[in-house]
Every structure is written in C-alpha cells, then in structure tokens.
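Okay, here's what each chain looks like letter by letter:
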Amino acid sequence: MSWKTLRKYPSVIEAQIAQTKLESEEIECFVRDEYLANIMALYTNALGGIRLDVQEADFERATQILQEVDASVEKIVCPQCGSDRVKKNDWSWRLAFLSLFALTVPLPFQKKRRKCDACGESF
Ligand SMILES: [Zn+2]
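Residues numbered from 1 in each chain as written. Predicted model: local features only at pLDDT ≥ 70, side-chain atom pairs only at ≥ 80, totals over all residues.

Another aspect to go through is the nonpolar core. Counting 11 residues, the largest nonpolar core is built from L6, Y9, A15, A18, L22, C29, A37, I50, L52, V54 and A62. Breaking this core down by element, the ones donating at least two residues are strand 1 (3-9), helix 1 (12-24) and strand 3 (50-55). With residues up to four places along the chain from it excluded, the contact list for L6 reads L52, D53, V54, F59, A62 and T63. (Core = buried A, V, L, I, M, F, W, Y, C linked by C-beta atoms within 7 Å. Buried ≥ 20, exposed ≤ 12 C-beta atoms within 10 Å, placed from the backbone. Helix = DSSP H or I, 4+ residues; strand = E, 2+ residues; numbered from the N terminus. Contact = placed C-beta atoms within 7 Å.)

Here is the structure:
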C-alpha cells in the first residue's frame, strides 16, 4: 500500500473537513501532519500546509470528489466586473518560512483576499 498526498491545507480543521467527506465516500485517508500541527501549531506554516494523504489507488477518485465539493462551495464572483474567474490568493508559506529564519517565529502570512483574473480587482 502506498500513500500519496492529495492536497495540502492551511489548517488541520480544513484537512479534517476534507477527510470526513472522503471517508463518507469510503475512501481511506489520513491527515499526515495532524500530530505535529497539534503540538506545534505555528510550524504548520513552515511545513507548507497540512497534508491529506490517500491510497494511491484512490487518488483519482478522491481528487474528483474534492473537485465536486469545491464546485458546489466556491462560486464567488468579482464585485467589480461579475466574472467568476476569481482565485484565492496563494497561501504564502514561503514568507512564513523566511520569517522563521529572520525572527525565529513563523508568522502566519495568510492572505485572505481574492483576486479577479478578468479585471485584476482584489477584494
Ligand atoms: Zn473582475
């Protein structure tokens, strides 16, 4: 049996939500960094996120299930132009990693804004 990282999440909670969904579809999965994240919450940024792993054989199906979940939840349109080509700004774990060296504390540089691909509006 080999495990493969399906996705990375900025928090254990988000990883567990996905885990619950996959388990309801009878896909075996586990949150790889759960223990580490619980004892050292600040370091999850440095890890690049909380990994959710599935069996390699289930990878395609699990990806599909999570995409369906995304499609049903994430329907956000730009307030400026009405386009749905909106993406969440990337979670900036590199900055958090740099701050770990600079300040010895990884600051949570999590961007919450969204950006419209069509007109460039941030909101
Ligand atoms: Zn727009």
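Right, let's get into the sheet that holds strand 3. As summarised here, the arrangement of the 3 strands in space is 1-3-2, forming an open sheet in which the pairing is antiparallel. Each of the sheet's edge strands pairs with one partner strand only, and the pair in question is strand 1 and strand 2 (29-31). The mean inter-strand angle of the sheet, taken between neighbouring strand axes irrespective of direction, is 25°. Pairing of strand 1 with strand 3, which is carried by 6 bridges, proceeds in the antiparallel orientation. Bridging across to strand 3, K4 finds its partner in V54. Sitting on the sheet, helix 1 is in contact with strand 1, strand 2 and strand 3, with an inclination near 170° to strand 2. (Pairing = 2+ DSSP bridges. Axes fitted to C-alpha atoms, helices over the stretch in contact; angles between N-to-C directions.)

Our next topic: the environment of A18. Mapping A18 onto the fold places it in helix 1. When the C-alpha positions of A18 and A62 are compared, they lie 9.7 Å apart, and in sequence the two are 44 residues distant. Once residues lying within four places of it in the same chain are set aside, the contact partners of A18 are R7, Y9, L52 and L66.

The subject of this paragraph is helix 1. An ideal rise of 1.5 Å per residue puts 18 Å on 13 residues; helix 1 measures up with 18 Å between its terminal C-alpha atoms. Among the residues making up helix 1, those that are buried are A15, A18, Q19 and L22. One side of helix 1 holds all its buried residues, which, seen down the axis, span an arc of 105°. Facing away from the buried side of helix 1, by more than 90 degrees, are the exposed residues I13, T20 and S24. (Expected span 1.5 Å × (residues − 1). Arc of directions from axis to C-beta.)

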